[in-house]
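So you can see what is in the structure, the chains are spelled out below.
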Amino acid sequence: MSASAVSCHAAARPSVDALGTAYRTIAVVGPPNSGKTTLFNRLTRLRQKVGNFPGVTVEHHTGYVRDAQGQEIALIDLPGVYSLSPKSEDEKVAVDVLTGQMPGTPRPDAIILVLNSTNLHSHLVLAARVIALGTPTLVLLNMADELHKQGGHVDVLPLARQLGTPVALVSATTGEGLVAVQNFLNSAVARPEPLELPVVGSTRGYREWAVRVGENAKYRRPATPVWTERLDSVFLHHVWGPVIFALVVVGIFQMIFAVGQAPSNAIQRFLDIIGGRVGTYLPQGVVSSLIINGVLKGVGSVLVFLPQILLLFLVIGILEDSGYLSRAAVIADRTMSRVGLNGKSFIPLLSAYACAVPAIMATRTIESKRDRIATILIAPFMTCSARLPVYTMVIAAFLPNRPLLGPFLGTRAAAMLGLYVLGFLMAVLTARVLKSTILKSKDAPFILEMPPYRWPTISGLGLRLVDRGKAFVYRAGTVIMLVTLMLWAATNFPLHHGQPPEVQNSVVAKLGHTIEPVIRPLGFDWKIGVGLVTSIAAREVIIATLGTLHGLDPESQATDLQAALRHELTPAAAVALLVFFAFAMQCMSTIAVVRRETNGWQWPALQFGYMTVVAYIAAFAAYNIAGRFVR
Amino acid sequence: MIFNFIFGRHKKEHRQADALADLRVGESAIVSALVLSPPVAEHLMNLGIVPGLKVTVARSGPGGGPRVYRVEGTEIAMRRDVSRHIHVELLGAPAFGD
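In this text the structure is predicted, and so the values were computed from the model without any measurement.

> Can you tell me about the overall build of chain B, naming the residues and giving the values?
A tally of regular secondary structure across chain B gives three helices and five strands. Along chain B, helices (α) and strands (β) appear in the sequence α-β-α-β-β-β-α-β when read from the amino end. Within chain B, the fraction of its 98 residues that count as buried is 40%. The contacts of chain B with a sequence gap of at least 6 include a subset with a gap of at least 24, amounting to 60%.

Here it is as structure tokens:
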């Protein structure tokens with residue numbers, strides 16, 4: 001960018017006038033692993049919201065801070081970028097926002113640039129590009145605590161002089177030096193006047209400039225943290241690495257099921273108590289039925305998963321923030337490359353065991369578009385937590401629990417494990433097929449920065465959980481509530497002499513009987529058919545549906561529903577039902593998120609069609625094969 | 001895979017150290033050129049694999065997976081399919097940096 005262009009941009013920016021008007025919008029920019037998010041969280045705490053820029057899938061947070069006059073300032077947390085060449089979607093978003101070309105987002109009045117002081121040369125390259133924009137900029141050299149502990153050094157003043165911007169050495173983790181941010185918010189800073197910027201074009205030129213600037217600021221790089229070396233020699237060890245990796249993955253599941261069960265049960269009990277109260281206060285009738293059977297039951301059947309989902313996000317958050325997830329990707333890369341994907345797909349696929357929705361959003365880190373779509377397409381085969389209640393209910397109804405491998409593995413746990421393996425195998429098979437046909441591409445290069453190991457911060461993890469928890473509860477309160485209300489209406493109409501009809505005469509039964517011929521070959525009757533239709537909204541809805549259809553009280557014990565299931569399904573049909581749920585894409589939220597992430601309907605349509613066909617064929621096969629062995 | 005994993009690779013390789021992939025763990029060399037598609041090369045350079053800088057093989061991953069390289073304090077994992085296209089010179093001092 002030429003000097004005249006810089007001053008032209010600066011002149012067009014009205015916010016810094018002679019009176020020193022405070023900033024309204026500030027963009028927070030920084031490379032990945034610079035501690036940008038930690039800093040953003042520290043500055044804004046809970047005063048932030050998640051949003052999407054129009055037309056792109058990149059999610060961003062906006063947070064609010066106040067200056068000394070109490071004026072509110074919006075901080076936009078941009079995606080982590082290494083450069084401003086608009087190649088990846090993340091970088092394009094950053095450039096568009098910084099240059100004021102993002103619709104609906106004003107051009108930021110100022111920029112807070114977060115760099116990692118332990119990796120200054122590399123990160124100054126980004127600084128050169130940001131400063132060239134001509135927007136007032138505060139440069140924060142983050143992780144000062146690590147820099148000093150590892151014997152590093154940098155002089156802030158010569159750096160500020162060379163960059164022509166205020167520079168502060170800070171630590172987002174300890175809060176050290178953050179007063180500089182408050183000073184920056186309170187006083188309008190002029191546009192940067194760097195002594196010298198690198199010649200545009202060659203990255204090497206930028207890097208040489210960065211080294212020169214660093215030398216003038218007496219920059220001394222810190223030693224590699226001893227603990228990172230030690231931990232890597234274990235976590236990336238030829239033998240221990242994979243062993244620990246396997247233990248971590250198994251440990252995650254163990255923890256989620258073991259620890260998550262108690263709070264789940266507590267939520268269930270709490271909802272039952274509310275249901276009971278409502279039942280005693282409200283007169284028997286349409287309204288109380290609507291509240292108990294419609295609202296509480298439907299939403300409640302989803303809310304009970306909240307603890308498990310939060311636990312999974314907590315564990316993944318700890319692994320990610322500590323730096324282990326990057327190592328896990330290295331370990332997984334070899335296996336993933338066998339099915340044509342690379343190690344970066346591992347993280348989204350692991351998250352898909354909690355829920356495909358965040359998993360599909362996590363595929364954004366995969367640069368290769370084809371690999372990303374392949375990962376999105378196979379993610380819903382991973383056994384998500386919504387399948388869990390369906391599996392639990394059916395298995396408990398049909399399989400007596402006997403020890404299989406001594407006290408370690410019972411028959412029920414083994415059946416559950418088998419279903420997990422089944423989903424995983426289908427995902428691998430599908431990936432293979434996709435990568436050798438429609439999504440064929442050269443192996444995407446696996447290039448991943450290995451950040452030093454760090455302690456995850458409580459506030460960082462907490463904010464992430466609040467974020468995810470809100471999104472999940474919102475889903476339960478909207479999509480799933482709507483479906484259960486519709487189902488409730490369909491079972492309670494048409495009215496017969498002012499009374500709800502017998503289930504056999506309701507709208508829902510007509511629907512069920514219409515689709516019955518299609519699902520007969522799988523051993524399902526019309527009630528299961530209705531369950532299959534309503535569970536397109538979300539898998540777990542089938543339980544609430546069957547509960548309603550069997551005319552059960554909301555307070556009924558699960559055993560009653562199990563007895564009803566045994567009456568309705570042959571053991572072979574139960575196997576077919578499990579297999580169907582392992583493969584089918586019964587989830588509106590996933591369909592919606594795939595549409596958003598792939599910018600169109602063709603991929604979600606293909607995915608839904610493919611998964612339904614696979615589920616149908618597999619369930620048909622399972623019904624016929626199982627029919628020969630069990631009766 | 002399991003065989004390789006347990007027994008390691010016993011392929012005899014002639015040493016021709018002009019690619020990063022040919023260096024042994026612990027060895028260092030100066031990057032001379034990145035013979036890769038522009039987006040991949042650009043990404044590597046943003047991470048610090050810049051011609052003129054010294055790169056060290058920090059460690060090898062399990063089972064012949066990606067290796068970890070260190071350049072000026074940044075650690076970067078990459079597979080052989082990338083590192084064999086990064087040309088290096090074994091001798092000499094870095095052109096700049098440290």
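> With reference to specific residues and values, describe the sheet that holds strand 1 (residues 28-34) of chain B.
Sheet architecture is open: six strands sit in the order 8(A)-4(B)-3(B)-2(B)-1(B)-5(B), paired in antiparallel fashion. Both outer strands of the open sheet, strand 8 (447-450) of chain A together with strand 5 (86-89) of chain B, are each paired with one neighbouring strand and no more. Put simply, the sheet's adjacent strands are angled 40° from each other on average, direction ignored. Note: strand 3 (residues 67-71) of chain B against strand 4 (residues 74-78) of chain B, five bridges, orientation antiparallel. Opposite Y69(B), over in strand 4 of chain B, you have I76(B) as the bridge partner.

> A description of the interface of chain A and chain B should follow, citing residues and the corresponding values.
If you look at the interface, chain A gives 33 residues, while chain B gives 32 residues. Elements represented by at least two residues in the side of chain A that touches chain B include exactly helix 4 (120-131), helix 8 (203-216), helix 10 (240-281), helix 13 (324-338) and strand 8 of chain A. Residue contributions to the side of chain A that touches chain B peak at five residues, all from helix 8 of chain A. Grouping the amino acids of the side of chain A that touches chain B by side-chain chemistry returns twelve nonpolar, eleven polar and ten charged. The pairing of strand 8 of chain A with strand 4 of chain B spans four bridges and is antiparallel. Counterpart to L448(A) in the pairing with strand 4 of chain B is A77(B).

> Explain the packing of helix 24 (residues 571-583) of chain A against helix 26 (residues 602-629) of chain A residue by residue, including any values.
Residue and element names in this part refer to chain A. At a minimum axis separation of 8 Å, helix 24 and helix 26 run at an interaxial angle of 155°. Classed by the angle they form, the pair helix 24 and helix 26 counts as roughly antiparallel. Judged by the twist between their axes, the crossing of helix 24 over helix 26 is right-handed. On helix 26, the residues touching P571, A572, A573, V575, A576, V579, F580 and F583 of helix 24 are M611, V614, A615, A618, A619, A622, Y623, A626 and G627.

> Requested: an account of the nonpolar core, with residues and values cited.
Membership of the largest hydrophobic core comes to 193 residues, with the highest contact counts inside it found for L113(A), L140(A), A576(A), L577(A) and I49(B). It is helix 24 of chain A that contributes the most residues to this core, twelve residues altogether. Among residues more than four places away in sequence, those in contact with L113(A) are V29(A), G30(A), A127(A), V130(A), T137(A), L138(A), V139(A) and L140(A).

> Summarise helix 25 (residues 588-598) of chain A; cite the residues concerned and give the values.
Among the residues of helix 25 of chain A, S589(A), T590(A), I591(A), V593(A), V594(A) and T598(A) are the ones counted as buried. Phi for N599(A), located one or two positions after helix 25 of chain A, is positive at around 55°.

> Explain the environment of V179(A) to me, and be specific about the residues and the numbers.
All names here are of chain A. In this structure, V179 sits in helix 7 (residues 179-186). Assessed through the 11 C-beta atoms surrounding it within 10 Å, V179 is described here as exposed. Along the sequence, V179 and A168 sit eleven residues apart, while their C-alpha atoms lie 9.3 Å from each other.

> Give me the packing of helix 21 (residues 526-534) of chain A against helix 22 (residues 541-549) of chain A: which residues, what numbers.
All names here are of chain A. Orientation of helix 21 relative to helix 22, taken along the N-to-C sense of each, is 145°, at an axis distance of 8 Å. Regarding helix 21 and helix 22, the two cross each other, and that crossing is right-handed. Contacts from K527, V530, G531 and T534 in helix 21 reach V541, I542, T545, L546 and L549 in helix 22. Of the residues in the contact of helix 21 with helix 22, the class split is five nonpolar, three polar and one charged.

> Outline the pairing of strand 5 (residues 110-116) of chain A, supporting the account with residue identities and numerical values.
All names here are of chain A. In terms of burial, strand 5 is a largely internal element, seven of the seven residues being buried. Neither face of strand 5 is exposed, since A110, I112, V114 and N116 on one face and I111, L113 and L115 on the opposite face are all buried. When strand 1 (residues 25-29) meets strand 5, the two strands line up parallel, connected through four bridges. Along strand 5, the bridge assignment pairs I26 with A110. Summarising the sheet, strand 5 and strand 6 (residues 137-142) pair through six bridges and their orientation is parallel. Paired with V114 across the strands is L140, a residue of strand 6. Taking the sense of rotation as the criterion, the β-α-β connection linking strand 5, helix 4 and strand 6 turns out right-handed.

> Could you give an account of the confidence of the model for chain B, naming the residues involved and the relevant values?
All names here are of chain B. Mean pLDDT over chain B stands at 80; residues scoring 70 or higher make up 77%. Mean pLDDT per element in chain B: helix 1 (residues 2-7) is the minimum at 48, and strand 3 is the maximum at 94. For the stretch residues 5-15, pLDDT sits under 50, and the model shows four contacts to residues farther than four places along the chain or on other chains. The ipTM, which scores confidence in the relative placement of chains, is 0.81 for this predicted complex, and the corresponding pTM is 0.77.

> Can you lay out unusual backbone geometry for me, pointing to particular residues and giving the numbers?
With phi around 65°, N33(A) is a residue other than glycine that occupies positive phi space. Along the chain, the position of N33(A) falls in the loop between strand 1 and helix 2 (36-44). N33(A) gets classed as buried once you count the C-beta atoms within 10 Å, which come to 20. If you check the backbone angles, E72(B) has positive phi at about 45° while not being a glycine. Mapped onto the elements, E72(B) comes out in the loop between strand 3 and strand 4.

Cut-off values and rules
- Residues numbered from 1 in each chain as written.
- Chains lettered and ligands numbered in written order.
- Predicted model: local features only at pLDDT ≥ 70, side-chain atom pairs only at ≥ 80, totals over all residues.
- Helix = DSSP H or I, 4+ residues; strand = E, 2+ residues; numbered from the N terminus.
- Buried ≥ 20, exposed ≤ 12 C-beta atoms within 10 Å, placed from the backbone.
- Contact = placed C-beta atoms within 7 Å.
- Pairing = 2+ DSSP bridges.
- Axes fitted to C-alpha atoms, helices over the stretch in contact; angles between N-to-C directions.
- Nonpolar A, V, L, I, M, F, W, Y, C, P; charged D, E, K, R; others polar.
- Parallel < 35°, antiparallel > 145°, perpendicular 65-115°, else oblique.
- Left-handed = near helix turned anticlockwise from the far one by under 90°.
- Core = buried A, V, L, I, M, F, W, Y, C linked by C-beta atoms within 7 Å.
- Right-handed = clockwise from strand over helix to strand, strands pointing away.
- pLDDT = per-residue confidence, 0-100.

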